[in-house]
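Letter by letter, the chains look like this.
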Amino acid sequence: MYPRFSALLPLILIAAPIAGCANSMDSPSLAIRPAEAAAAIDAAQPAATVTPIIVAERVPLEAATLARLEVSMNAARASVAPFAKAAEPARAAVASAAGASVNSEAWVAAQVAISRLERTREASANALAEVDGLRRELVESGKNFDRDTFAAMQNIVSGIDSDQRAQVSALLNSLKSH
C-alpha cells in the first residue's frame, strides 16, 4: 500500500458514513416560504403615490426681533476689544505665576487678572443668553420665521462667546498646571 493513502484511509472510512447521514438530518428547507412569496407579490404591485410635503413660506424676521438680535450681536462684538485688552495682562500674570505655589502673590495676581478678564466676558455671555431667549420665544410662539438669518446672527454671538470662554479656560488650566 502507498504510505500516503494508508494515512488517509481511516479518515475516509469515518467520513463516508457521516456523509451518508447528511440527508436524514433536520435541516431547513430552501423552498420559498409564505412570507417571501407575499413579499414577491407586493413588489410586483405599483408603489403608492407620495403626497408632497408643503413647506411653509419663510417669513422674514419682524423688525422688533431683528432689532433685538442686532443689539445682542453688537453687544457681543463690542466686548471683543475690552476682552482683548484684559487678556494681555492676564496672560502675562499667568506666565509670571509659572512655577509659583498656590496662594503665592504671583498666583493670586494671576487669579485676579483672570477674574478681570472674565468680567469683560459678561457682555458676550449676556448677549448670547438674550439671543437664546429670543429664539425660545419665537419657537414657543409657533410663528414661522427665517431660521437661517436668525442662525447666522446667533452664530456670530455664539462664536464670540465661545472664543472668549475658551481663552479664559486655557488660562485657568495653564495656571492649574503650574
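What comes next is a walk through the structure. It should be emphasised that the depicted structure is a prediction, and the values quoted were computed from it without experimental measurement.

Overview of unusual backbone geometry
Phi is positive for Asn103, which is not a glycine, with a value near 75°. Inspection of the secondary structure assignment puts Asn103 in the loop between α4 (80-96) and α5 (105-120). Asn103 sits in the exposed class, given a relative accessible area of 60%.

Topic: helix α6 (residues 122-141)
Relative to the 28 Å expected for 20 residues at 1.5 Å per residue, α6 spans 28 Å between its end C-alpha atoms, a close match to the ideal helical length. Among the residues of α6, Ser124, Ala127, Leu128, Val131, Gly133, Leu134 and Leu138 are the ones counted as buried. Buried residues along α6 sit in contact with α3 (63-78) and α7 (147-177). Downstream of α6 by a residue or two, Gly142 has a phi angle that is positive, lying close to 80°.

Quick word on the packing of aromatic side chains
Throughout the structure, instances matching the rule amount to 1 aromatic pair. Aromatic side chains Phe145 and Phe150 sit 5.9 Å apart centroid to centroid with 70° between the ring planes, which places their arrangement in the edge-to-face category. We classify Phe145 as buried; its relative accessible area is 3%.

Topic: α3
In this model α3 runs 22 Å from its N-terminal to its C-terminal C-alpha over 16 residues, within 8% of the 22 Å that 1.5 Å per residue would give. Taken together, the buried positions of α3 are occupied by Thr65, Leu69, Ser72, Met73 and Ala76. End-on view of α3: buried residues confined to an arc of 95°, all on one side of the axis. Those residues of α3 that are exposed and angled more than 90 degrees off the buried face are Ala63, Ala64 and Val71. Residues of α3 that are buried in the fold lie against α4, α6 and α7.

Rules of the game
- Once a new chain begins, its residue numbering starts again from 1 and follows that chain's sequence as written.
- Predicted model: local features are reported for residues with pLDDT of at least 70 only, side-chain atom pairs are reported and counted for 80 or more only, and whole-chain, interface and lining totals are derived from all residues.
- Computation of side-chain values: all heavy atoms of the structure, hydrogens and water removed.
- In this description a helix means any DSSP run of H or I spanning at least four residues, a strand means any run of E spanning at least two, and both kinds are numbered starting from the N terminus.
- Note on classification: 1.4 Å probe, protein chains only; a residue is buried when its accessible area is under 20% of the maximum for its type, exposed when over 50%, partly exposed between these limits.
- Multiply 1.5 Å by the residue count of a helix minus one, and that product is the helix's expected span.
- Contact between two residues is taken to exist if any of their heavy atoms lie within 4.5 Å; hydrogens are not considered.
- The pairing test for Phe, Tyr and Trp rings, Trp by its six-membered ring, is centres within 6.5 Å, and the orientation test on the planes gives stacked under 30 degrees, edge-to-face over 60, and tilted for anything in between.
- Working definition: the arc comes from the directions between the helix axis and the C-beta atoms, pointing outward to the latter.

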